[in-house]
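Listed below are the residues making up each chain.
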Amino acid sequence: MKKNNSVSISVIKRLPKYFRYLGSIAEKGIVRVSSKELSAITGLTASQIRQDLNHYGCFGQQGYGYNVKELLNELSKILGIDKKYNVIIIGFGNIGKALFKYQGFRNSSYNFTAIFDKDVEMIKEFTDEVEGYDVDYLKEYLQNNKVDIAILATPKQVSQQVADILCEGNIKGIWNFAPEDIKTKNDVVLENVHLDESLYTLTYYMNNPKDYISQE
């Protein structure tokens, strides 16, 4: 399905939520689901769900709902997770280790191919699944290997320097967990993740419950 150019970022950010809940439904053996049933599960309105999905095509049938497997397949294509991606981690502290062990990446589209850190022995002690390298080898590694996504979990003092190396190394996307926003070039896609912002948002809603209830 062709994507409508007018799709907003809020719609795009809801797509992974639909995919996650549909995957849970599929595991239970449910064959089809209505927008009303999805509404009860996701907390979004049935109208919102239909509008979001209609940006990408007509997937449901009136009186029938959505075929769970077919909708999962379509969302997989829309999100791009019907493909395989080679992923590297730069910075193997607590966040890097947690992301590497996160089960959501297992048996999925993301294939870890290398880990980079100043402490190579620490990488080897932690895992033998993926080769560990000194971060000084990063530039050479990118020249000789196809890498799609880099997970950046370095100290903020070196995050931009490492990002520049990644951009020059034909990386396609950077998932940045360094405690500082970075800039990219050469059309490299960037997603900055700040865990403290998510926590601050949580405490804001705890203190302003009316705002949370009214959000879509």
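A.B. asks: For this particular structure, what's the right way to read the packing of aromatic side chains?
C.D. replies: Between two aromatic rings, the relevant description is the distance of the centres plus the angle of the planes. For the coordinates displayed, the defined rule picks out 11 aromatic pairs. Ring geometry for Phe116 against Tyr141: centres 5.3 Å apart, planes inclined by 75°, an arrangement best described as edge-to-face. Taken together, the residues span a long stretch of sequence, with Phe116 in strand β4 (residues 110-116) and Tyr141 in helix α7 (residues 138-144) at a distance of 25 residues. Between Tyr133 and Tyr141, the ring centres sit 5.4 Å apart and the planes meet at 50°, which makes this aromatic pair tilted. Owing to a relative accessible area of 22%, Tyr133 belongs among the partly exposed residues under this scheme. The buried category is assigned to Tyr141, whose relative accessible area is 5%. Grouped by ring-pair contacts, the aromatic residues Phe92, Phe100, Phe112 and Phe126 constitute a single cluster. The ring of Tyr21 has Arg20 lying over it, and the distance from NZ or CZ to the ring centre is 4.8 Å. One residue, Lys97, lies across the ring of Phe126, its end atom 5.7 Å from the ring centre.

A.B. asks: Explain the layout of surface pockets to me, please; I cannot follow it from the model alone.
C.D. replies: To find leftover empty space, a probe the size of one water molecule is rolled over the atoms. Volume-wise, the second largest pocket comes out at about 280 Å³. Lining the second largest pocket are 17 residues, with Lys118, Val135, Thr154, Val158 and Val162 sitting closest to its centre. Considering each element in turn, the lining of the second largest pocket owes the most residues, four residues, to helix α8 (residues 156-168). Residue classes in the lining of the second largest pocket are distributed as 10 nonpolar, four polar and three charged.

A.B. asks: I keep staring at the pairing of β4 and nothing clicks. Help me out?
C.D. replies: Every other side chain in a regular strand lies on the same face of the sheet, so the side chains alternate between the two faces. Of the strand pairs in this sheet, strand β3 (residues 85-90) and β4 are connected by six bridges, and their pairing is parallel. Counted as the bridge partner of Ile88 is Ala114 from β4. The pairing of β4 with strand β5 (residues 132-133) spans two bridges and is classified as parallel. Along β5, the bridge assignment pairs Ile115 with Gly132.

A.B. asks: Can you help me understand helix α2 (residues 35-42) in this one?
C.D. replies: Residues lying three or four places apart along an α-helix face the same way, a consequence of the helix completing one turn every 3.6 residues. Within the span of α2, buried status applies to Ser35, Leu38, Ser39 and Thr42. Taken around the axis of α2, the buried residues stretch over an arc of 105°, which confines them to a single face. Turned more than 90 degrees away from the buried face of α2 sit Lys36 and Ala40, all of them exposed. On its buried face, α2 sits against α1 (9-27), β1 (32-33), α3 (46-54) and β2 (66-67). At the exit of α2 stands Gly43, carrying a positive phi of roughly 85°.

A.B. asks: Teacher, can you tell me more about the sheet that holds β3 here?
C.D. replies: For sheets, the rule is that strands pair by backbone hydrogen bonds, running either parallel or antiparallel. If you trace the six strands from one edge of the open sheet to the other, you get β5-β4-β3-β6-β7-β8, paired in parallel fashion. Two strands bound the open sheet, and with one partner strand each, they are β5 and β8 (189-192).

A.B. asks: Explanation requested: the packing of α1 against helix α4 (residues 68-79) in the structure shown.
C.D. replies: Two numbers describe how α1 lies on α4: the axes approach to 10 Å, and their chain directions differ by 145°. Where α1 crosses over α4, the two elements pack in a sense that is left-handed. Together, Leu15, Pro16, Tyr18, Phe19, Leu22, Gly23, Ile25 and Ala26 of α1 and Val68, Leu71, Leu72, Leu75, Ser76, Ile78 and Leu79 of α4 make up the contact between the two elements. Across the contact of α1 with α4, the residue classes tally to 13 nonpolar, two polar and no charged.

Rules used in this analysis
Residues numbered from 1 in each chain as written. Predicted model: local features only at pLDDT ≥ 70, side-chain atom pairs only at ≥ 80, totals over all residues. Heavy atoms only, no water. Phe/Tyr/Trp six-rings, centres within 6.5 Å; stacked < 30°, edge-to-face > 60°. Helix = DSSP H or I, 4+ residues; strand = E, 2+ residues; numbered from the N terminus. Buried < 20%, exposed > 50% of the residue type's maximum accessible area, 1.4 Å probe, protein only. Lys NZ or Arg CZ within 6 Å of the ring centre and 35° of its normal. 1 Å grid on protein atoms, 1.4 Å probe; cavity = no way out; pocket = protein on both sides within 12 Å on 5 of 7 lines; lining within 4 Å. Points joined across faces, edges and corners; volume = space filled by probe spheres on them. Nonpolar A, V, L, I, M, F, W, Y, C, P; charged D, E, K, R; others polar. Pairing = 2+ DSSP bridges. Arc of directions from axis to C-beta. Contact = heavy atoms within 4.5 Å. Axes fitted to C-alpha atoms, helices over the stretch in contact; angles between N-to-C directions. Left-handed = near helix turned anticlockwise from the far one by under 90°.

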